[in-house]
Amino acid sequence: GGMLAAAVLLLLVAAGPGLVPVRAGRDALREELLLSPLPDGDVAATFQFRTRWDADLQRGAVSHYRLFPKALGRLVAALGVRELHLALTQGFWRTRVWGQPPLQAPAGAELWVWFQPTVTDVDKAWEELSNILSGIFCASLNFIDSTNTVTPTASFKPLGLANGTDHHLLRYAVLPREVVCTENLTPWKKLLPCGSKAGLAVLLKAERLFHSSYHSQAVHIRPICRDASCLAVSWELRQTLTVVFDTFSSGQGKKDWSLFKMFSRTLTDACPLASQSKVYVDISPKNKEKELLEVTPPPTSVHEAIVQGDKRTYAVYDLLSPSLFNTSRSLNVQLKWKRPQDSSDLPTPILHAQRYVSGYGLQTGEISTLIYNTHPYRAFPVILLETVPWYLRLYVHTLTIITKGKENKPSYIHYQPAQDRRRPHLLEMLIQLPANSVTKITIQFERALLKWTEYTPDPNHGFYVSSSVLSALVPSVIAMKDVDVEQSPLFTSLFPSSDGSSYFVRLYTEPLLVNLPTPDFSMPYNVICLTCTVVAVCYGSFYNLLTRTFHVEEPSRGGLAKRLANIIRKFRGVPPL
């Protein structure tokens, strides 16, 4: 064995530097679970797995993959991807009731990608990328085409390092009908360095995750600074999964929770490849009085942070701490309320929105969006992105924005009209939201009549319109300090704060379900059945009568042989023939 290794080494040295494999940079994995009790008694669990790799993926010089999944690394290198964000979501995050999520995503599948400036044909790379991701995650992303892809000009700025923001290198698409299930979760888990065999991923049991009111899994790839000087680039892969367990669907009726009640499993160890493995439980008091929530067993430490403009307290369980598993072989975090919560004292998020479609008949209609700013004294701008399919013909002259009974003119507006069967409508606006106000945005549309081959298999179910996207820097209640990203929890660091007075929020409204004029697809079936019955019964009977010939047969008395046989049978006592 030693001689063989020496021979291989000699061959590589003799072959020159071209064949010597390039040594990949160091990589590190952090995993964490955030348990957030929601105001109405539900619990949100957010998993984050972050793989950071000090390597240059773009030059294609990396040949050895350790923690970073090779499928995604090769994809980034081959297609010139600068930043990739994919989310698969089942359900809708109810911002008004549950508060701001750490990471929100629209219902269905969402994909947005920034390409490198070296990519010449962005549309071709985008099509190839969506097809490859469709295969990796076993999703219907291959249905992403020009009819549902847009290029935003103001929304979806890069979250990682960016030399420039030429929006022609950005592509954004949503498939609101996409159904997320176990076939999407399994390949997502396989990308984790420890799979689902160790660490926090042990809790990812599909039977429990999909028995919930909200489920969202995502993959985020972006380039980040390697150190404070930012002379070199590292690549970051974040795999996030958010799930909301509600008391009614779980059949408990009580508002006391534990890891075992949520996931039917407990934690026994950390992932051996992880440099950090922690469980955070949000024990922040929901109002000014003493804390309502108690957690057992006692946490390793308590962490205070300002998250989304609010001061939060977290009980921290460090799975790499030797003292944690000393008392018992497994960790089963339990959450108990000391007294029932008063729903009237629940804080309303500063920014939230809702959207609905109105009108009657199957010709015209109206899309209405309501945006709420509940801050008592601060106004702030918000960017609204609307993507509407081509078969809803928008009348832009009917666009109205009303705030407190007065017209509110947007300071920036970008509208790209749709082309039938080629591209959707894109509408982006920068709107100022006054303090303590509701802004109503309405636009009328006309329904197009599709060709009969363009209808879905269940046309009477309706056609989906993807969610509106709101991007805003929301004023913070408490001044935020600059913290070290490497030391702070993962759920605080995907959207970096620009300054201490505000924090970035991206919100999604509900997707819409619109009925289009639908032909009676059962009519041909009924016509065929009726026609065949008429032909078979009426025409068949007439044809039978017209072509059949009738002959009258007189009964014959039989010949001599028959008579002789009957005489003999009579003597024998046998009945005659």
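Now for a quick tour of the structure.

Rules used throughout
Residues numbered from 1 in each chain as written. Predicted model: local features only at pLDDT ≥ 70, side-chain atom pairs only at ≥ 80, totals over all residues. Heavy atoms only, no water. 1 Å grid on protein atoms, 1.4 Å probe; cavity = no way out; pocket = protein on both sides within 12 Å on 5 of 7 lines; lining within 4 Å. Points joined across faces, edges and corners; volume = space filled by probe spheres on them. Helix = DSSP H or I, 4+ residues; strand = E, 2+ residues; numbered from the N terminus. Nonpolar A, V, L, I, M, F, W, Y, C, P; charged D, E, K, R; others polar. Pairing = 2+ DSSP bridges. Contact = heavy atoms within 4.5 Å. Axes fitted to C-alpha atoms, helices over the stretch in contact; angles between N-to-C directions. Salt bridge = Lys/Arg side-chain N within 4 Å of Asp/Glu carboxyl O.

### Brief notes about empty space enclosed by the protein
One pass over the full model with this rule turns up 5 cavities of 30 Å³ or more. Considered as a void within the structure, the largest cavity measures approximately 280 Å³ in volume. Contributing to the lining of the largest cavity are 25 residues, with Leu 103, Gln 104, Ala 105, Phe 495 and Tyr 508 lying nearest its centre. Looking at the lining of the largest cavity, the elements with two or more residues in it are strand S3 (81-90), strand S4 (108-115), strand S7 (214-225), strand S8 (233-245) and strand S25 (502-508). Broken down by element, the residue count for the lining of the largest cavity peaks at 5 residues, all from S25. The residue makeup of the lining of the largest cavity, split by class, is 15 nonpolar, 8 polar and 2 charged.

### Focus: the sheet that holds strand S1 (residues 27-37)
Strand order in the open sheet formed by 11 strands is S5-S6-S4-S3-S7-S8-S2-S1-S10-S13-S12, with mixed pairing between adjacent strands. For this open sheet the edge positions go to strand S5 (149-150) and strand S12 (301-307), each flanked by a neighbour on one side alone. Against the sheet, helix H2 (residues 70-79) makes contact with S3, S4, S7 and S8, and its axis sits at roughly 130 degrees relative to S3, the strand it touches most. In this fold helix H5 (residues 182-190) packs onto strand S2 (43-53), S3, S7 and S8, with an angle of close to 30 degrees to the strand it touches most, S7.

### Re the sheet that holds strand S18 (residues 392-403)
Strand order in the open sheet made by the 5 strands is S15-S16-S22-S18-S19, with antiparallel pairing throughout. One side of each edge strand has no neighbouring strand; the edge strands of this open sheet are strand S15 (351-358) and strand S19 (406-407). With 10 bridges connecting them, strand S16 (residues 364-373) and strand S22 (residues 437-447) associate as antiparallel partners. What sits directly across from Thr 364, in S22, is Glu 446.

### Quick look at the pattern of salt bridges
Summed over all chains, the structure comprises 13 salt bridges. A salt bridge links Arg 26 to Asp 54; the nearest nitrogen and oxygen atoms lie 3.4 Å apart. In this pair, Arg 26 is assigned in the loop between helix H1 (2-14) and S1 and Asp 54 in the loop between S2 and H2, connecting sequence segments 28 residues apart. Taking the shortest distance from any N to any O, the salt bridge between Arg 52 and Asp 54 comes out at 3.7 Å. The network of salt bridges with shared partners includes Arg 50, Arg 222, Glu 236 and Arg 238.

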